[in-house]
Amino acid sequence: MKNLGLLFLSLTCIAFVSCKKNQSQPVEGVPQVQAEMPISKQCYKAIYEQDTVDLEVSTLKDGAITGNMEMKVFNMPNKVGKIAGEFRGDTLFASYTFIQGTNDKITYKNPMAFLKKGEELILGNGKIENNMGASYFVKDTPIEFEQVKYKFSKVDCIDK
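Draft legend 1. Representation of the overall build of the chain in the model. Summing up its helical and strand segments, the chain has one helix and 10 strands in all. Helices and strands appear in the chain in the N-to-C order α-β-β-β-β-β-β-β-β-β-β. Scored against the burial criterion, the 160 residues of the chain give a buried share of 24%. Contacts spanning at least 24 positions in sequence make up 33% of the contacts within the chain whose residues lie at least 6 apart.

In structure tokens, the structure reads:
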């Protein structure tokens, strides 16, 4: 009976060791994911009354856009997060994933559209719909870029 218990214990240890070895070895044929370096980076700032929005936009080699955005809206918790998207013509369609205030347990995600006019980005207003937990702009409904709050001007980037 003792020998059976020792045999079972030794087989269990061998199984754990062999599983551990397989986890640490890279799988052949699967490329290693590396952070892609941006080919360009621009920074923007929008000020409307007592609100300030800082935006950093990086363009990747494949044309994808990534970046960071912080929204300081008067009498509201700050929104800090990341954007990811792509340009379609002169409009950047992006998804803004952010936390609000100090509550880092809840993450929000909103669609955004920025119209590029010269050196300026204009944050558009559009009708947003939710479907199965995802937010998106309503198809065939135009996004308004004329009467808006936030018009971003290009500024020098400050490394934090």
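Read on for the rest.
Draft legend 2. Molecular detail of the side chain of Asp 51. Along the polypeptide, Asp 51 turns up in strand β2 (residues 51-59). Of the buried charged residues, Asp 51 lacks a salt bridge, with Lys 149 as the closest side chain of opposite charge at 4.6 Å. A polar contact of 2.9 Å, which involves the side chain of Asp 51, links it to the backbone nitrogen of Phe 74. Within polar-contact distance, the side chain of Asp 51 engages the side chain of Tyr 150 at 2.8 Å. Leave out the neighbours within four places in its chain, and Asp 51 touches Ala 46, Lys 72, Val 73, Phe 74 and Tyr 150.

Draft legend 3. Main features of unusual backbone geometry. Residue Glu 49 is not a glycine yet carries a positive backbone phi of 50°. Along the chain, the position of Glu 49 falls in the loop between β1 (40-48) and β2. Among the residues examined, Glu 49 registers a relative accessible area of 68% and is labelled exposed. With phi around 60°, Asn 75 is a residue other than glycine that occupies positive phi space.

Draft legend 4. Quick look at the nonpolar core. Core analysis: the biggest nonpolar cluster contains 19 residues, and Leu 55, Met 69, Phe 114 and Phe 152 have the highest contact counts within it. Contributions of two or more residues to this core are made by β1, β2, β3 (64-72), β5 (91-100), β6 (103-117) and β7 (120-123). With four residues, the single largest contributor to this core is β5. In this structure, Phe 114 is in contact with Leu 55, Met 69, Asp 90, Thr 91, Leu 92, Leu 121, Ile 122, Leu 123, Phe 145 and Phe 152, ignoring residues within four places of it in sequence. Counting seven residues, the second largest nonpolar core, distinct from the first, contains Ile 122, Phe 137, Ile 143 and Phe 145.

Draft legend 5. The confidence of the model for the chain, seen in detail. Summing up the model confidence of the chain, the mean pLDDT is 82 and the portion of residues at 70 or higher is 78%. In the model, residues 15-27 has pLDDT below 50 throughout and makes one contact with residues more than four positions away in sequence or in other chains. Contacts from residues 29-33, a stretch scored under 50 in pLDDT, to residues over four places away or in other chains number one contact.

Draft legend 6. Local environment of the packing of aromatic side chains. The full count for this structure, using the stated rule, is four aromatic pairs. Geometrically, the ring pair formed by Tyr 48 and Tyr 150 is edge-to-face, given 6.3 Å between the ring centres and 75° between the ring planes. Of the two residues, Tyr 48 sits in strand β1 while Tyr 150 sits in the loop between β9 (134-137) and β10 (151-155), which places them 102 residues apart along the sequence. Relative accessible area serves as the criterion here: at 9%, Tyr 150 is assigned to the buried category. Here Phe 98 and Tyr 108 contribute two aromatic rings whose centre-to-centre distance is 5.4 Å and whose plane-to-plane angle is 25°, an arrangement assigned as stacked. You can see Phe 98 sitting in strand β5 and its partner Tyr 108 sitting in strand β6, a full 10 residues away along the chain. Taking relative accessible area as the criterion, Tyr 108 reaches 36% and is therefore assigned partly exposed. Members of the aromatic cluster, connected to one another through ring pairs, are Tyr 96, Phe 98 and Tyr 108. Cation over ring: Arg 88 sits above Phe 93, and NZ or CZ is 4.4 Å from the ring centre.

Calculation criteria
- Along every chain, residues carry numbers that run from 1 in the direction the sequence is written.
- It should be noted that, the model being predicted, local features are given only for residues of pLDDT at least 70 and side-chain atom pairs only at 80 or more, the latter also being counted only at that level, while totals for whole chains, interfaces and linings use all residues.
- With hydrogens and water excluded, all non-hydrogen atoms of the structure serve as input to the side-chain values.
- For the purposes of this entry, the term helix denotes a DSSP run of H or I that reaches at least four residues, the term strand denotes a run of E that reaches at least two, and both are numbered from the N terminus.
- With a 1.4 Å probe rolled over the protein chains alone, any residue whose accessible area is under 20% of its type maximum counts as buried; one over 50% counts as exposed, and the rest are partly exposed.
- Note on definitions: a residue-residue contact is assigned when non-hydrogen atoms from the two residues lie within 4.5 Å.
- Charge convention: Lys and Arg are scored as positive, Asp and Glu as negative, and His as well as the terminal groups of each chain are ignored.
- The salt bridge definition used is simple: a Lys or Arg side-chain nitrogen within 4 Å of an Asp or Glu carboxyl oxygen.
- The definition of a polar contact used here is a pair of N or O atoms within 3.5 Å, where within protein one atom must be able to donate a hydrogen and the other to accept one, and adjacent residues in sequence count solely through side-chain atom pairs.
- Throughout this description, the term nonpolar core refers to a set of buried Ala, Val, Leu, Ile, Met, Phe, Trp, Tyr and Cys residues connected via side-chain atoms within 4.5 Å.
- Each residue carries a pLDDT score, the predictor's own confidence in it, on a scale running from 0 to 100.
- Pairing of aromatic side chains here covers Phe, Tyr and the six-membered ring of Trp, requires ring centres within 6.5 Å, and sorts the geometry by plane angle: under 30 degrees stacked, over 60 edge-to-face, intermediate tilted.
- Placement of a charge over a ring requires the Lys NZ or Arg CZ to be within 6 Å of the ring centre, with the centre-to-atom vector within 35 degrees of the ring normal.

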